[in-house]
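# Remarks on the overall topology
Take a look at the letters that make up each chain.
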Number of protein chains: 2
Amino acid sequence: MKIAVIGLGSVGRGVLETLAGKNIGLSVTGIADSKSGYIDPSGIDIKKVLMQKKKTGRCGDAGVTAMDVVREADYDILVEVSPTNATDGEPALSYMKTAIKRKKHVVTSNKGPIALAYKELKALAKKKGVALRHEATVAGAVPVFHTVEQGLAGNDIRAVFGVLNGTCNYILTRMAEEGLTYEQALLEAREMGYAEADPTYDVKGIDAAIKLVILANTIWGNGVTLDDVDRTGIDRLTPEAIRLAEEGDCTIRLIAEADKSSGLLRVSPRIIRKNHPLVVEGSLNAISIETDLAKEITLIGKGAGSIETASAIIGDLLFIAERYGRRP
Amino acid sequence: MKIAVIGLGSVGRGVLETLAGKNIGLSVTGIADSKSGYIDPSGIDIKKVLMQKKKTGRCGDAGVTAMDVVREADYDILVEVSPTNATDGEPALSYMKTAIKRKKHVVTSNKGPIALAYKELKALAKKKGVALRHEATVAGAVPVFHTVEQGLAGNDIRAVFGVLNGTCNYILTRMAEEGLTYEQALLEAREMGYAEADPTYDVKGIDAAIKLVILANTIWGNGVTLDDVDRTGIDRLTPEAIRLAEEGDCTIRLIAEADKSSGLLRVSPRIIRKNHPLVVEGSLNAISIETDLAKEITLIGKGAGSIETASAIIGDLLFIAERYGRRP
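Residues numbered from 1 in each chain as written. Chains lettered and ligands numbered in written order. Predicted model: local features only at pLDDT ≥ 70, side-chain atom pairs only at ≥ 80, totals over all residues.

For the rest of this paragraph, the subject is the overall build of chain A. Helix and strand counts for chain A come out as 12 helices and 12 strands. A compact globule built from 328 residues would reach a C-alpha radius of gyration of about 20 Å, and chain A, at 20 Å, matches this within 12%. Taken along its principal axes, the extent of the C-alpha atoms in chain A is 65 × 45 × 35 Å. Considering chain A as a whole, with its 328 residues, one finds that 56% of them fall into the buried category. Within chain A, contacts between residues at least 6 apart in sequence are counted, and of these 71% link residues at least 24 apart. (Helix = DSSP H or I, 4+ residues; strand = E, 2+ residues; numbered from the N terminus. Rg over C-alpha atoms; globule rule 2.2 N^0.38 Å. Buried ≥ 20, exposed ≤ 12 C-beta atoms within 10 Å, placed from the backbone. Contact = placed C-beta atoms within 7 Å.)

Residue and element names in this part refer to chain A. For chain A, the domain assignment lists domain 1 (2-141 + 307-324) and domain 2 (146-303). The straight-line distance from the C-alpha centre of domain 1 to that of domain 2 is 28 Å. Counting residues at the interface gives 14 residues for domain 1, matched by 16 residues for domain 2. Every element with two or more residues in the side of domain 1 that touches domain 2 is listed here: helix H5 (111-128) and helix H12 (306-324). Its residues placed into classes, the side of domain 1 that touches domain 2 shows seven nonpolar, three polar and four charged. (Domains from an automatic or database assignment. Nonpolar A, V, L, I, M, F, W, Y, C, P; charged D, E, K, R; others polar.)

This brings us to the relation of the copies chain A and chain B. Expressed as a screw transformation, the operator carrying chain A onto chain B has a rotation angle of 180° and an axial translation of 0.0 Å, and the superposed copies differ by an RMSD of 0.0 Å. What the rotation and shift describe, once combined, is the action of a two-fold rotation axis. Of the C-alpha atoms belonging to chain A, the one lying closest to the rotation axis is found on leucine 299 of chain A, 2.4 Å away. Here 100% of the contact residues of chain A are again contact residues in chain B; the copies associate through an equivalent surface. (Least-squares fit on C-alpha atoms with pLDDT ≥ 70 in both.)

A few words on the pairing of strand E9 (residues 250-259) of chain A. All names here are of chain A. Burial of E9 is extensive: eight of the 10 residues sit out of reach of the surface. Note that strand E7 (residues 157-163) and E9 share four bridges and pair antiparallel. Among the inter-strand pairings, alanine 159 is bridged to a residue of E9, identified as aspartate 259. Sheet topology note: the E9/strand E10 (residues 265-273) ladder contains nine bridges and is antiparallel. The residue of E10 that forms the bridge with cysteine 250 is arginine 273. (Pairing = 2+ DSSP bridges.)

Let us now look at the interface of chain A and chain B. Contacts between chain A and chain B engage 36 residues on the former and 36 residues on the latter. Mapped onto the side of chain A that touches chain B, the elements with two or more residues apiece are helix H6 (144-151), strand E12 (296-302) and H12 of chain A. Ranked by residue count, the leading element in the side of chain A that touches chain B is H12 of chain A, at eight residues. In the sheet, E12 of chain A pairs with strand E12 (residues 296-302) of chain B via three bridges, with the strands oriented antiparallel. Counterpart to isoleucine 300 of chain A in the pairing with E12 of chain B is threonine 298 of chain B.

All names here are of chain A. Burial of strand E5 (residues 105-108) is two-sided: the residues His105 and Val107 facing one way and the residues Val106 and Thr108 facing the other way are all buried. Bridge analysis of strand E4 (residues 77-80) against E5 gives four bridges, and the strand direction is parallel. If you follow leucine 78 over to E5, its bridge partner there is valine 106. Assessed by its sense of winding, the connection that carries the chain from E4 through helix H4 (residues 92-101) to E5 is right-handed. Once you follow E5 into H5 and on to strand E6 (residues 132-133), the crossover reads as right-handed. (Right-handed = clockwise from strand over helix to strand, strands pointing away.)

Turning next to helix H7 (residues 166-178) of chain B. Residues and elements named next belong to chain B. If you check H7, its first and last C-alpha atoms are 18 Å apart, about what 13 residues at 1.5 Å a residue would give, namely 18 Å. Within H7, 11 of the 13 residues are buried, which leaves the element mostly enclosed by the surrounding structure. Every buried residue of H7 is listed here: Gly166, Thr167, Cys168, Asn169, Tyr170, Ile171, Leu172, Thr173, Arg174, Met175 and Ala176. The inward-facing, buried residues of H7 contact strand E7 (157-163), helix H8 (182-191), helix H9 (200-203), helix H11 (239-247), strand E9 (250-259) and strand E11 (284-291). Where H7 ends, the next residue or the one after it, glycine 179, has phi of about 65°, a positive value. (Expected span 1.5 Å × (residues − 1).)

This next bit is on the sheet that holds E9 of chain A. Spatial ordering of the open sheet is given by E8(A)-E10(A)-E9(A)-E7(A)-E11(A)-E12(A)-E12(B)-E11(B)-E7(B)-E9(B)-E10(B)-E8(B), a layout of 12 strands whose pairing is mixed. The open sheet is flanked by strand E8 (230-231) of chain A together with strand E8 (230-231) of chain B, the only strands paired with a single partner. In terms of strand pairing, strand E11 (residues 284-291) of chain A meets E12 of chain A through seven bridges, oriented antiparallel. Bridging from a neighbouring strand, serine 288 of chain A pairs with threonine 298 of chain A of E12 of chain A.

Written out as structure tokens, the structure is:
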């Protein structure tokens, strides 16, 4: 099958590097970054494009836009990995809709459009007979949607509990391990590259809440939005609160939780027993899925990283190739 | 699709109870236990059969054998969940071969035949164009093979590390928590129903080694056997060894490990940091999968139980229904 890749940030580069290094039967016929685009129906030399991007900051021709690639390139699957926009999902949302209307499958790591418009996109994809997959939007390399859809097929998913933000988890781990204040741990997280210059999005629980909305909408199709999430961040936590929890063999984690029957959607710092599978260290992510048959299944892994997130994208691409195309 | 169920122990009953309670589009046309069999091409009333089994100890007619059901019933998928035999895999192995030769898919929780004859069975299934799935053979409800095949598709699996025996894990957890001796913890495990009257199979690491062989053969197709596993049990562990590990923020777990490049296959008590995701408590199972793209993904869940194991069987049945049949 043929793919077009929109976005050449960390995830896009990870996907292309993986495709260049492995022979998994997918050829790239379109690539775009924010400033340029490149279309070649006969298959693009990925290594050459990555080199050019590194040298010039552009992957292609400044006269070709991302929307040109979405509209005109000859591909089966659009890989939409451009920077996310949690306000209106654009321009990624338009790219996805345009591709689906062209009867192209879509694979994305882009949280904004999926959190805002999953129901609409899914309905459109169904109507056009194509797949919309977004494994990479939640918990990076952890294949949570594959697990819910295939591994736990036949199960009734009753609730999910997640440690979905690596920045917060790093800060909380360091506060507990070293008795650091929130401010000290945040500073360290910045120095380590785990926190942005403006950490609001992470430490206020917004990022975790967006992922929770995606989980709930994907699992239960209930059309919830960010406003439905009861949200508390970690920025007012004191070292004393953590010390008290640790004295009782517990610790504090920012837990995102969704419950099917009560409709609860909450992101908040929670006291949790240290030996619970959800208690992971550092920047790891973890998700516990509560079901009627399997009971509680927990998945742990890297929630970010270029190649780690590419793993989720590649899993989705191969899923589509298996279901809709020839086996690669 | 139509299924036939061979074996009405804990797993078989779990599968039938689940099918009776959920409408997932599968009808049962054959059932057998060790003493009787029942064939009805128009679909068996599951609740009635379960009631009869409870009352009389038989699910059907004493004149109908399990092999009769395998040979003669009209089904698409054979669910082989009869008691396991790790020496020659029989009679389950013959049931499976017979079904595959009839071009029927096979789903099983039966470790013996899969550990002994996976390569042969897989080749036969390929030749006949049917599926052979065995998610329930390793770690009960934990969908490890679905994760390897779908969620981590495109990844190179480099190594697996597992806590695969709930009995050993329960004993080690209790030795660490309460300072019990091995003998005391074993006695408690028996009283709790976590250990058999003869615990050899579990505490000597044989059960974990069989699961490790299944993992290695499924992931790498390397045709290894139980004799290739370097195996040490937990029956000589002292409370002192565990206390020393705990003093260094570590603990001891029976770890099954397989490494692709070195070919290492080992089951042994290992000192492991308490905050490692593999360190689970009580009778839980855990598997860490090391890959090139996703890096380390850990799955945790219940390794046994009637309905929990049925979850893995149902997942395999729905996978086959999705790939080979109409969507249920």
